[in-house]
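Coordinate inspection notes
The primary structure of each chain is shown beneath.
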Amino acid sequence: MMGFWRAFRGELYLLRKRRTVRWMHIGVFLVAALFVAGARLKLGLLHAAGAGGPDQVGAWNYWPQFGEGTRAGMFLVEIAILLLLAGGLPREIRSGAIRDPLSRRISRTAYTSARCLIGLILPLTLYLFVLLGAALSASIFFDAGDIMEDGEVLLSIVDDQVAHHLYRSMLHAVPPLLALGLFSVWMSTAFRTGVAAVGVGLGVILAPTLLQDVLGDYAPWLFTDLLPALGPDSYLERTAGFAAGFSDAYPYEFDEVVKLGWLTPWPAFFLAGTFAILMFRRKPV
Amino acid sequence: MSETPAVVVSGLKVQLGGKPILKGVHMEVLPGDLFGLLGRNGAGKTTAMRSLLGYLPYQGGTCSMFGVSSKEVHKIKQPYGVALDPPGMDDTLTLRQNLEVAMIRGGIQGGRGVEDVLDLVGLKHRQHNRGDRLSHGQGRRAAVARALLGNPQLLVLDEPLSGLDPEGVERMLQLFRELSQEQGVTVVLSSHHLREVEHVCNRVGMIEDGITLLEGETDALLTAAGDGLLIRAKHEDRVREVLASLEGVDGAPRSVDGQLQVRIDASFDTAAALVQLVEHGAGVEEYARQRAGLVDVFHQALEGMEAVQ
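Position numbers for residues start from 1 in each chain and track the written sequence from start to end. Chains carry letters and ligands carry numbers; both start at the beginning, A for chains and 1 for ligands, and go up in the order they are written. Given that this is a predicted model, residues contribute local features only at a pLDDT of at least 70 and side-chain atom pairs are listed and counted only at 80 or more, while totals for whole chains, interfaces and linings are drawn from all residues. Calculation of side-chain values draws on the structure's entire complement of heavy atoms; hydrogens and water are dropped beforehand.

**Some points on the overall build of chain B**
Segments assigned H or I by DSSP are reported as helices when at least four residues long, segments assigned E as strands when at least two residues long, and all are numbered from the N terminus. If you tally the helices and strands in chain B, you get 10 helices and 14 strands. On the principal axes, the C-alpha backbone points of chain B span a range of 70 × 45 × 40 Å. A 1.4 Å probe rolled over the protein chains alone gives each residue an accessible area, and that area as a share of the maximum for its type sets the label: buried under 20%, exposed over 50%, partly exposed in between. Expressed as a percentage of its 309 residues, the buried residues of chain B come to 54%. The contact criterion used throughout is that any non-hydrogen atoms of two residues lie within 4.5 Å. Pairs at least 24 residues apart make up 68% of the contacts formed inside chain B by residues separated by at least 6 positions. Looking at chain B as shown, the accessible area adds up to about 13,500 Å², and 47% of this sits on carbon and sulfur atoms. In summary, the charge assignment counts Lys and Arg as positive and Asp and Glu as negative, without counting His or the chain termini. We put the charge of a Lys on NZ, of an Arg on CZ, of an Asp on CG and of a Glu on CD. The average position of the 31 basic charges and that of the 41 acidic charges among the side chains of chain B differ by 8 Å. The method behind every accessible area is Shrake-Rupley, applied with a 1.4 Å probe, and residues are considered shielded solely by the protein chains displayed.

**Describing helix H11 (residues 235-243) of chain A**
All names here are of chain A. H11 sits mainly inside the fold: seven of its nine residues count as buried. Three or more residues of H11 are buried, namely Tyr235, Leu236, Thr239, Ala240, Gly241, Phe242 and Ala243. A distance of 3.4 Å separates the backbone nitrogen of Leu236 from a side-chain oxygen at the start of H11, and that oxygen is part of Ser234. Positioned one or two residues after H11, Gly245 has a phi angle of 105 degrees, which is positive. Here a polar contact is taken to be a pair of N or O atoms separated by no more than 3.5 Å, where protein atoms must pair a possible hydrogen donor with a possible acceptor and residues adjacent in sequence count only if both atoms sit in side chains.

**Examining the pairing of strand S11 (residues 227-233) of chain B**
Residues and elements named next belong to chain B. Burial analysis of S11 places five of its seven residues in the buried class, the great majority of the element. Here, any two strands with at least 2 DSSP bridges between them count as paired. One ladder, built from five bridges, connects S11 with strand S13 (residues 259-264); its direction is antiparallel. Residue pairing for S13: Gly228 is matched across the bridge by Arg263. Bridge count between S11 and strand S14 (residues 284-291): seven bridges; the pairing is antiparallel. Residue Asp227 lies in a different strand from S14, and its bridge partner there is Arg291.

**Notes on the pattern of salt bridges**
Within this document, salt bridges are pairs made up of a side-chain nitrogen of Lys or Arg and a carboxyl oxygen of Asp or Glu, the two lying within 4 Å of each other. Within this structure, the stated rule accounts for 24 salt bridges over all chains. Between A:Glu11 and A:Arg115 there is a salt bridge, with its nearest N and O atoms 3.8 Å apart. You can see A:Glu11 sitting in helix H1 (residues 2-17) and its partner A:Arg115 sitting in helix H6 (residues 108-141), a full 104 residues away along the chain. The two residues A:Glu11 and A:Arg115 agree in class, both being buried. In the salt-bridge network here, residues are joined through shared partners; they are A:Glu11, A:Arg18, A:Arg91, A:Glu92, A:Arg115, B:Asp90 and B:Arg105.

**Observations regarding unusual backbone geometry**
Residues and elements named next belong to chain B. Residue Pro86 is bonded to the preceding Asp85 through a cis peptide linkage, with omega at 5 degrees. Among the secondary structure elements, Pro86 is positioned in the loop between strand S6 (80-83) and helix H2 (95-106). For Phe66, which is not glycine, the phi torsion reads 50 degrees and is therefore positive. In this structure Phe66 comes out as buried when scored by relative accessible area, which is 19%.

**Regarding the domain arrangement of chain B**
Where a domain begins and ends is set by an automatic assignment or by a domain database. What the domain assignment lists for chain B is domain 1 (7-222) and domain 2 (227-291). Summarising the inter-unit geometry, the C-alpha centres of domain 1 of chain B and domain 2 of chain B are found 40 Å apart.

**Description of the sheet that holds S14(B)**
Sheet strands pair by backbone hydrogen bonding; their relative direction is either parallel or antiparallel. Residue and element names in this part refer to chain B. Reading across from one edge, S12-S13-S11-S14 is the order of the four strands in this open sheet, with antiparallel pairing throughout. Looking at strand neighbours, the two that pair on one side only are strand S12 (249-256) and S14, the edges of this open sheet. With strand direction ignored, the average angle separating the axes of adjacent strands in the sheet is 20 degrees. Helix axes are fitted to C-alpha atoms over the stretch in contact, other axes to C-alpha atoms as well, and angles between N-to-C directions run from 0 to 180 degrees.

**Thoughts on helix H7 (residues 218-225) of chain B**
Residues and elements named next belong to chain B. Those residues of H7 lying buried are Thr218, Leu221, Leu222 and Ala225. Buried positions in H7, seen along its axis, are confined to an arc of 95 degrees and lie on one side of it. Exposed residues on H7 whose side chains face more than 90 degrees from its buried face are Asp219, Thr223 and Ala224. What the arc describes is the spread of directions from the helix axis to the C-beta atoms.

**Comments concerning a nonpolar patch on the surface**
A cluster of nonpolar side chains, contributed by A:Leu202, A:Leu206, A:Leu210, A:Leu211 and A:Val214, occupies part of the molecular surface with about 460 Å² of accessible area. The leading source of residues in the nonpolar patch is helix H9 (residues 194-210) of chain A, at three residues. Patches here: salt-bridge-free residues with over 30% relative accessible area, like charges joined within 9 Å, nonpolar side chains (Val, Leu, Ile, Met, Phe, Trp, Tyr) joined within 5 Å.

**Examining the environment of B:Asp227**
Residues and elements named next belong to chain B. Structurally, Asp227 is set in strand S11. The class for Asp227 is partly exposed, based on a relative accessible area of 25%. Spatially, the C-alpha atoms of Asp227 and Gly258 are 19 Å apart, while their sequence positions differ by 31 residues. If we ignore the near neighbours within four places in the chain, the residues touching Asp227 are Val262, Arg263, Ile264, Arg289, Gln290, Arg291 and Ala292.

Printed below as a string of structure tokens:
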């Protein structure tokens, strides 16, 4: 157990000190914030050209912009998780950096377990930065009142549970993100090169979109189908649209996919963690 | 001090991709030894070290450190340091950060800290350089610095002298000597620089083509190898004739770098031989009796192996 904690503290140190990790956090924050700021700029230009004003279009509201900004940031987060976690280990093995921890009474199982834990922490910290970026920018540029259209209340934030659905969809994104984190660690132990690990990982991320017809109703069983940005069954995408006032963006049948989505990432989560540990046990370093 | 070996490698066999790399490597290192694992490039030194450290699975024989099998290195209680080639620096971190993360992972509380090891290897001025900004030699020294963190009782160093300038080689050898002789640290280092290590290693093992040619006390091996005679002359054929007629000459002379080298034993009369060479008009320009070095020992061992084959 001591070996695991030492390995974990080492990984945490790397998470704090690595410039790529630091820049990626800044990057996802900026993408989310700038996306919202860009949306405000675009709406302002359209309004100046004679299009709808703040009291006419749902898009002028804080809530849909917060949702859309978050989703925009999550595109980068999902790629970043894969790049940082799947691409890291093969590079470290090639450089020989991995040998030192293994010579410090840290078993391979303890080492991979520590990396798996980082595989859970990193997606959450990146996600947090996206939420902060989107929330901060949306609060600066938009008002958080009810969703208006033509001077009428189209959606009440409280009565129509707009905020509730948005928060729920953001929570819904956590299981597939955690599964993606562990899946990326698994890929890092399975392949010799970072390019192969990231390439295969990217293939799995894009599979639900590319194989939509083949997967059909089984798509939510592939955890990447539910990713908040790149997943075709993104709950966040639906709720952001719903918050913008497009009432048909939240069909009732989607509820079934949402319900399923709370459960389906967990088999992938446990399998990826187990395979990551098992595959690294015999890997030449 | 206990005489239980710190390192034991016996009949080590390793295959990589179905190809036999090690076919029988032996090594026994006692506590406090400064052991040199010597051999040419590609002889199998690095593979042997990686197997010893548990990084490479082996198909035959045994490897252990402090009595613990290399297959269970995480069970070793005694602290040990490792410096392999490549040095294993994380290029995304500075040298100092590399050492700090090693301290954390090692749970190192006492002994040498980051400042101490940077001082010892002379890299304090490079501590804020990233791994990829270090030269090859600095990378080797950085790897040694990391191995020295804490209070290791055993150091396993793969080619620690590779890429170092003469001053760096001298500094490292002096450091290893002090660690071994004054602090009782067991040092196992691999090298193909036989001349440099023969003055510091008290024991050596020589491997060639994945097989241990010989192993033993350095002094004993050098004594057994006998002395050598170096002759530079205008007429090599006359030198060969004279040497063939003399007592105490062991084998035929070898021509190396424009001079003849021949092994001689204790019965060889150096002065009388010189007189004969002059009398026979060999045109002697240089004449020296030298103690055999590890290079000679290595060549003898190679010749012995080839003769057996």
